[in-house]
Amino acid sequence: MQVPFFRLDVTDDMRSAADEVIASGWLTSGPKVQAFEAAFAQATGARHAVAVNSCTAALHLALEALGVGPGDRVLVPTMTFAATAEVVRYLGADPVLADVCPETALLTPEVVESALARDPDISVCMPVHFGGLPCDMQAIGDICRAHDVRIVDDAAHALPAADTGGPVGTLADATCFSFYANKTLTTGEGGMLVTDDDAIAARARVMRLHGMNRDAWGRFTVDTARWEYDLVAPGYKYNMPDIAAALGLSQLDRRHCDRDARGAIATAYDEALGDLPNLRRCGRRTAASVEHAWHLYWIVLEPDAPINRNACIDALQALGVSCSVHYKPLHRMTYWIEQLDCTPEQFPGAEAIWRGCFSLPIFPALTSSEQGHVIDSLHQVLQG
Ligand SMILES: Cc1ncc(COP(=O)(O)O)c(C=O)c1O
């Protein structure tokens, strides 16, 4: 049996949503983007939702709207994907890499507090809700407000998720979601910036399309001077096409149902893997109000395991089970080592994860026999 790391459940709703856009003849940003934005804002409880063509674009636009520029310093956890730190560089600013909790891979209030105390030039903090588990945003928010630091949270993994303070999407100055191919809602490529801040939303809307004061749909739907627009800034080309928005809209209502399906898979893994020695199950917070999106189910092979992480992944692959690693941390990447002079010793929490971590298949369309094969294969590889 072959078990992929991810398989999309393509529904009739998705097919007909795409067909409808193609039949309409309007493929670029238009009425479907507007509808997706309105529905997404309502789903996350935010005042504004700005659709773009990736989470990377959303993160870039959020920092740009906050005025981040050369000389600014931005706190980024080392345990994240390339995008979270690279967007800081797009604006000529400097990321400050922070260590994470070895059990959750999250930025903790303690780490944020000591980083801000040490480095008063940090002006923005970017918590990452790793794997779909929300950071403690109430505590991080209190600390950041006390230091006059703004928050842009990277919620690429976190639809739908919630913390004590409410749904992810309402806990920061701006929150950025990803709709990449294997995310919990996918438009192939896509992203959404949500915010309660009118100025951030307005700036992001202009900057996502070349700095134009009117987009193509806005011009098409008025009677006069359809050709005319002004440029108010040198913007970017980050708009989401209608065909992507229609795909996103067609999946939005099933987000809780899909999350429950992933949660059930996580529970079954918990029960079946609990007796395996040398294996640490990670990514939990015990607060009752925390809702996990379960984008990832990641585990850590302890150093005394009979096999190392890479050999374990290869052995599972040979049995037909595809796994992945999230992530090789930023402080181990050549560019950031050269730029920031970082060493593994500065990040003990991330190091305790990175050496042994890997992620198992978790997606709503995973069948119970496929999950059984993943579990049996892991037992076979780790216990012989
Ligand atoms: C934590 C994190 N942030 C940002 C991104 C970037 O998302 P996108 O591919 O939509 O730009 C990803 C993508 O996988 C991610 O995992």
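Just so you know, these numbers come straight off a predicted model, no measurement behind them.

Focus: unusual backbone geometry
- Here Leu159 and Pro160 are connected by a cis peptide whose omega angle stands at -10 degrees.
- With respect to the secondary-structure elements, Pro160 resides in the loop between β5 (150-154) and β6 (162-163).
- Note the cis peptide between His326 and Tyr327, where omega equals -10 degrees.
- Assignment of secondary structure puts Tyr327 in the loop between α11 (309-318) and α12 (334-340).
- With a phi close to 65 degrees, His210 is a non-glycine residue in the positive phi region.
- If you trace the backbone, His210 turns up in the loop between α7 (198-207) and α8 (216-220).
- In this structure His210 comes out as partly exposed when scored by C-beta crowding, with 17 C-beta atoms within 10 Å.
- We note that Asn278 has phi near 65 degrees; this positive angle belongs to a residue other than glycine.
- Mapped onto the fold, Asn278 is located in the loop between α10 (255-273) and β10 (279-281).

Some thoughts on the sheet that holds strand β12 (residues 357-360)
- With antiparallel pairing, the 3 strands of this open sheet are ordered in space as β10-β11-β12. Every other strand in the sheet has two partners, leaving β10 and β12 as the edge strands with one partner each. Ignoring which end each strand starts from, the neighbouring axes of this sheet average 35 degrees apart.
- Note: β10 against strand β11 (residues 297-301), 3 bridges, orientation antiparallel. Across the sheet, residue Leu279 finds its bridge partner in β11, namely Leu301.
- Lying on the sheet, α10 is in contact with β10, β11 and β12; it crosses β10 at an angle near 150 degrees.

Description of the domain arrangement of the chain
- Here the chain is partitioned into domain 1 (12-253) and domain 2 (256-383).
- Between domain 1 and domain 2, the C-alpha centre-to-centre distance is 26 Å.
- The partner domain 2 presents 30 residues to the 27 residues of domain 1 that form the contact.
- When the residues that make up the side of domain 1 that touches domain 2 are grouped by side-chain class, the tally is 15 nonpolar, 8 polar and 4 charged.

A look at the site of the ligand
- Neighbouring residues of the ligand: 14 residues in total, closest Ser54, Cys55, Thr56, Ala156 and Ser178.
- Of all the secondary structure elements, the ones that give two or more residues to the shell around the ligand are α3 (55-65) and α4 (82-90).
- Residues that form the shell around the ligand fall into these classes: 6 nonpolar, 7 polar and 1 charged.

Conventions used here
- For every chain, the first residue of the written sequence is number 1, and numbering continues from 1 along that sequence.
- Given that the model is predicted, a residue must reach a pLDDT of at least 70 before its local features are reported, and side-chain atom pairs must reach 80 or more before they are shown or counted; all residues, however, enter totals for whole chains, interfaces and linings.
- Per the convention used, a helix needs a DSSP run of H or I reaching at least four residues, while a strand needs a run of E reaching at least two, with both numbered from the N terminus.
- Field definition: a residue is buried when 20 or more other C-beta atoms are found within 10 Å of its C-beta, exposed when 12 or fewer are, and partly exposed for counts in between, with C-beta atoms placed from the backbone.
- Pairing between strands is defined by DSSP: at least two bridges between the two strands are required.
- Fitted lines through C-alpha atoms serve as axes, helices being fitted only where they are in contact, and the angles separating the N-to-C directions of these axes extend from 0 to 180 degrees.
- Residue pairs qualify as contacts under a 7 Å threshold applied to their C-beta atoms, which are placed from the backbone.
- Here the limits of each domain have been adopted from an automatic or database domain assignment.
- In the scheme used here, Gly and all other residues not listed as nonpolar or charged are polar, with Ala, Val, Leu, Ile, Met, Phe, Trp, Tyr, Cys and Pro taken as nonpolar and Asp, Glu, Lys and Arg as charged.
- Residues are counted as near a molecule or strand when the C-beta atom, derived from backbone positions, lies within 6 Å of that molecule or strand.

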